[in-house]
There are 2 protein chains.
Amino acid sequence: MPYISTTPKPPYYAVIFTSINAPIDQTEHVEMYGRLIQHAQAFDGFLGIEGARNPDGTGVAAVYWRDLDSIQAWAKDPQHQVAKVKGREVWYSHYMIRICRVEREYGRPDR
Amino acid sequence: MPYISTTPKPPYYAVIFTSINAPIDQTEHVEMYGRLIQHAQAFDGFLGIEGARNPDGTGVAAVYWRDLDSIQAWAKDPQHQVAKVKGREVWYSHYMIRICRVEREYGRPDR
């Protein structure tokens, strides 16, 4: 499976999710996060996710969506809401979410 | 130094740079990349960078800029242009660049 998301001609949307893992055991986080991404893939408008984490626990994920409506629908999903509470209260010491409109893209993707 | 960039009230811009390291020695890449970020910080309109790389060589960086003009000025910088050629031809097997307008942000930053 390619790492770089196959995205349509812009405009579309990106959610940049930056986080710093709390100094706790990450087993539950990794497991629930994996399931959540699987779940997101079933959502209309989900385009892909590209994520990375450094050895010190800092990380960035870019999640791509067709439009603001699909981001809104995902925000209301019960499984996602449980994960958001876990993220705020347990998994992350700090985090930032930025909602962005992708205006241009270019590169050499792995597909 | 905080990991999460201190960004102004939106709108501002994000460049999402996704890359897969080529299977080569990364010493030069890491060293030049570090110097390039130092250099970018001197540019008017540079707001910050949040990057992460996985053990398999895949990675994401979000670079924040005040506006499209500051992104343009950085694109024309000679040191940056040398690095771009290196990136395309040597450092990365695959990459993608997405220029985005940040419309909303929220979170709990580490500052």
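Residues numbered from 1 in each chain as written. Chains lettered and ligands numbered in written order. Predicted model: local features only at pLDDT ≥ 70, side-chain atom pairs only at ≥ 80, totals over all residues. Heavy atoms only, no water.

Let us look at the sheet that holds strand β4 (residues 92–108) of chain A. Read across the open sheet, the 8 strands follow the order β2(A)-β3(A)-β1(A)-β4(A)-β4(B)-β1(B)-β3(B)-β2(B); overall the sheet is antiparallel. The two strands at the open ends of the sheet, each matched to only one other strand, are β2 (46–53) of chain A together with β2 (46–53) of chain B. Neighbour to neighbour, the strand axes of the sheet diverge by 25° on average, direction disregarded. Bridge analysis of β2(B) against strand β3 (residues 58–65) of chain B gives 7 bridges, and the strand direction is antiparallel. Bridge pairing in β3(B) links Ile49(B) to Val63(B). Contacts between helix α1 (residues 27–40) of chain A and the sheet are confined to β1 (12–21), β2, β3 (58–65) and β4 of chain A, with β2(A) contributing the most and set at about 160° to the helix. Most of the contacts of helix α3 (residues 78–91) of chain A go to β4(A), to which it runs at about 125°, and overall it touches β1 and β4 of chain A together with β4 (92–108) of chain B. (Pairing = 2+ DSSP bridges. Helix = DSSP H or I, 4+ residues; strand = E, 2+ residues; numbered from the N terminus. Axes fitted to C-alpha atoms, helices over the stretch in contact; angles between N-to-C directions. Contact = heavy atoms within 4.5 Å.)

A few words now on the confidence of the model for chain A. Across chain A, pLDDT averages 97, with 100% of residues at or above 70. Under the prediction, the complex receives an ipTM of 0.97, its pTM being 0.97. (pLDDT = per-residue confidence, 0-100.)

If you look at the interface, chain B gives 43 residues, while chain A gives 43 residues. In total, chain B and chain A occlude about 3,700 Å² of area from one another, counting both sides; carbon and sulfur atoms represent 58% of this. Contact with chain A buries area across many residues of chain B, yet Arg98(B), Tyr106(B) and Arg108(B) alone supply 19% of it, more than any other trio. If you look at where chain B meets chain A, you find 4 salt bridges. With a closest N to O distance of 3.4 Å, Glu105(B) and Arg98(A) form a salt bridge. Counting every contact that joins chain B to chain A gives 33 residue pairs in polar contact (both at pLDDT 80 or more). When contributions to the side of chain B that touches chain A are tallied by element, the ones reaching two or more residues are β1 (12–21), β2, β3, α3 (78–91) and β4 of chain B. By residue number, the principal contributor to the side of chain B that touches chain A is β4(B), which donates 17 residues. Classifying every residue of the side of chain B that touches chain A gives 21 nonpolar, 12 polar and 10 charged. (Buried area = accessible area lost by both parts, 1.4 Å probe. Salt bridge = Lys/Arg side-chain N within 4 Å of Asp/Glu carboxyl O. Polar contact = N/O pair within 3.5 Å; in protein donor to acceptor, adjacent residues only side chain to side chain. Nonpolar A, V, L, I, M, F, W, Y, C, P; charged D, E, K, R; others polar.)

Moving on, we come to the nonpolar core. Judged by nonpolar contacts, the single largest core of 26 residues is most densely connected at Ile16(A) and Ile16(B). Broken down by secondary-structure element, the contributors of at least two residues to this core are β1, β3 and β4 of chain A together with β1, β3 and β4 of chain B. Apart from the residues lying within four places of it in its own chain, the contact partners of Ile16(A) are Val60(A), Ala61(A), Met96(A), Ile97(A), Arg98(A), Cys100(A), Ala14(B), Ile16(B), Ala62(B) and Tyr64(B). (Core = buried A, V, L, I, M, F, W, Y, C linked by side-chain atoms within 4.5 Å. Buried < 20%, exposed > 50% of the residue type's maximum accessible area, 1.4 Å probe, protein only.)

All names here are of chain B. For helix α1 (residues 27–40), with 14 residues, the first-to-last C-alpha span of 20 Å sits near the 20 Å given by 1.5 Å per residue. Here α1 has its buried residues at His29, Met32, Leu36 and Ala40. Taken around the axis of α1, the buried residues stretch over an arc of 80°, which confines them to a single face. Within α1, the exposed residues directed more than 90 degrees away from the buried face are Thr27, Val30 and Gln38. Buried residues along α1 sit against β1, β2, α2 (68–75), α3 and β4. (Expected span 1.5 Å × (residues − 1). Arc of directions from axis to C-beta.)

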